[in-house]
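# Architecture at a glance
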Amino acid sequence: MFGFINLNKPYGWTSHDCVAKVRRILKTKKVGHGGTLDPAATGVLPIAVGKATRLLSFLPEKKGYKAKIRFGVQTNTDDLEGEVIQSQNASELTLAQVQPLLEQFIGEIEQIPPAFSAIQQGGKRLYELARKGEVVQVPKRIVNIHQIEVLNWQTGEFPELTLTITCGGGTYIRAIARDLGYLLNVGGTLAALQRTESCGMTLAESMTLEQLESHSSQAAFSLICPDLPLQNLKSVTLSPTEAQRWCQGQKIPLDLALTKSEEAPAFQAGVSLTALAVRVYQAETAFLGIGELENSGEVQVLSPKVVLI
């Protein structure tokens, strides 16, 4: 088995729970996921099966979310799963006060992830340290948020704002909720989160664990082709002879590959380029894996990075 699953993660399950369940359903050990979702979050969880686990790091980083933020409440986990550490009536808050502040969260911004997160520090997850009551120093990170749009505003003692957020990898939506509440001086926490897009997969095309189990038992299930989610990468096509040499670990001069792929990046002699990951094919049909284009003197060569054949 070799490919991907666009899984709709259920509420209350960890990403690891989902991986373990898929292993049991498909009766295979080699399963991984393409980006952790908190137990309280639902939505798109890309699952890799078999050799596709080696492709996870090459998937596109763009992610989409539907998030509900509750104001007037602050928790130690920055969502409703945690302990409430501050609560106040925020009924006077209006959307007109909130909306202009959203612009501060768009673009390349500095963010401090929640203390209760899966980030590793000293070989341990931060949430493991936080649960023990240890003081956690969370390092800042730079994240990229492409777009934020308001979907709904609900008034009340603890008003709620529903947003759609498009962002890059490593972004914590819980941190946005926390920081927005801080700017408004009322506190804020994430009340609900659904991932609508991840690694090129969308919620509309996802399947539940129940659907996966049913389709698998009826032999009506097929994995997503391993190269389909990798369309963010350029491609290079090799001849059978070149493909054999490449799969054996040899480097292929780019001028050989360029004659067979219009999609390959242009190369200028003498110009230093950063190594670039590309999809590699044989005869435009067989997906061989991931290669790396880099300069070697006056020519550019294609090196093996992940060989799947």
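Coordinates for the structure precede this section.
A few points on the structure.

### With respect to the overall build of the chain
- Counting its secondary structure elements, the chain contains seven helices and 18 strands.
- The 309 residues of the chain split such that 46% are buried.
- Sequence-distant contacts in the chain: of pairs separated by 6 or more residues, those separated by 24 or more amount to 67%.
- With an accessible surface of roughly 15,500 Å², the chain has 48% of that area assigned to carbon and sulfur atoms.

### Comments concerning the nonpolar core
- Within the largest apolar cluster, 29 residues are counted, with the highest numbers of intra-cluster contacts made by Phe 71, Ile 165, Ile 173 and Leu 180.
- Residues within four places of Ile 165 in sequence aside, it is in contact with Lys 63, Gly 64, Tyr 65, Ala 67, Ile 145, Gln 147, Ile 148, Ile 173 and Ile 176.

### Examining the packing of helix α1 (residues 15-26) against helix α5 (residues 209-217)
- With their axes 10 Å apart at the nearest point, α1 and α5 run at an angle of 10° to one another. Put simply, α1 runs roughly parallel to α5. Like other packed secondary-structure pairs, α1 and α5 cross with a definite hand, here right-handed. On α5, the residues touching Lys 21, Val 22, Ile 25 and Leu 26 of α1 are Leu 209, Leu 212, Glu 213 and Ser 216.
- Classifying every residue of the contact of α1 with α5 gives five nonpolar, one polar and two charged.

### Structural notes on the sheet that holds strand β16 (residues 276-282)
- Across the sheet, which stays open at both edges, the five strands sit in the order β14-β16-β17-β18-β15 with mixed pairing between neighbours. The outermost strands of the open sheet, each flanked by one partner alone, are β14 (235-238) and β15 (252-253).
- Here eight bridges tie strand β17 (residues 286-296) to strand β18 (residues 299-307), and the two strands are oriented antiparallel to one another. Bridging from a neighbouring strand, Gly 289 pairs with Val 307 of β18.
- Helix α6 (residues 240-247) contacts β14, β15, β16, β17 and β18 of the sheet and is inclined by roughly 65° relative to β18.

### Comments concerning the pairing of strand β4 (residues 63-71)
- Sheet analysis places β4 next to strand β11 (residues 160-167), joined by eight bridges and oriented antiparallel. The residue bridging Arg 70 from the neighbouring strand is Glu 160, located in β11.
- With nine bridges connecting them, β4 and strand β12 (residues 188-198) associate as antiparallel partners. Directly across from Lys 66, in β12, lies its bridge partner Gln 194.

### Focus: the side chain of Thr 189
- Residue placement: Thr 189 occurs in strand β12.
- Side-chain polar atoms of Thr 189 contact the backbone oxygen of Asp 78, separated by 3.1 Å.
- The residues contacting Thr 189, other than those within four sequence positions of it, are Lys 68, Ile 69, Arg 70, Val 73, Thr 75, Asp 78, Asp 79, Leu 80 and Ala 177.

### Details of the packing of aromatic side chains
- For the structure on display, the rule yields two aromatic pairs.
- Summarising the aromatic geometry, the rings of Phe 71 and Trp 153 are spaced 6.1 Å apart at their centres and angled 40° between planes, so their arrangement reads as tilted. One end of the pair, Phe 71, is in strand β4; the other, Trp 153, is in strand β10 (residues 141-154), with 82 residues separating them in the sequence.
- The exposure class of Trp 153 is buried, given its relative accessible area of 18%.
- When the centroid spacing of 5.5 Å and the interplanar angle of 45° are considered together, the rings of Tyr 281 and Phe 287 count as tilted. The two residues Tyr 281 and Phe 287 agree in class, both being buried.

### Structural notes on helix α4 (residues 173-183)
- The buried count for α4 comes to eight of 11 residues, which makes it a mostly enclosed element.
- For α4, the full list of buried residues reads Ile 173, Arg 174, Ala 175, Ile 176, Ala 177, Arg 178, Leu 180 and Gly 181.
- Tucked inside the fold, the buried residues of α4 contact β4, α2 (95-98), β7 (107-111), β10, β11 and β12.
- Two residues or fewer past α4, Asn 185 is found with a positive phi of approximately 60°.

Parameters at a glance
Residues numbered from 1 in each chain as written. Predicted model: local features only at pLDDT ≥ 70, side-chain atom pairs only at ≥ 80, totals over all residues. Heavy atoms only, no water. Helix = DSSP H or I, 4+ residues; strand = E, 2+ residues; numbered from the N terminus. Buried < 20%, exposed > 50% of the residue type's maximum accessible area, 1.4 Å probe, protein only. Contact = heavy atoms within 4.5 Å. Areas by Shrake-Rupley, 256 points an atom, 1.4 Å probe, with all protein chains shown as cover. Core = buried A, V, L, I, M, F, W, Y, C linked by side-chain atoms within 4.5 Å. Axes fitted to C-alpha atoms, helices over the stretch in contact; angles between N-to-C directions. Parallel < 35°, antiparallel > 145°, perpendicular 65-115°, else oblique. Left-handed = near helix turned anticlockwise from the far one by under 90°. Nonpolar A, V, L, I, M, F, W, Y, C, P; charged D, E, K, R; others polar. Pairing = 2+ DSSP bridges. Polar contact = N/O pair within 3.5 Å; in protein donor to acceptor, adjacent residues only side chain to side chain. Phe/Tyr/Trp six-rings, centres within 6.5 Å; stacked < 30°, edge-to-face > 60°.

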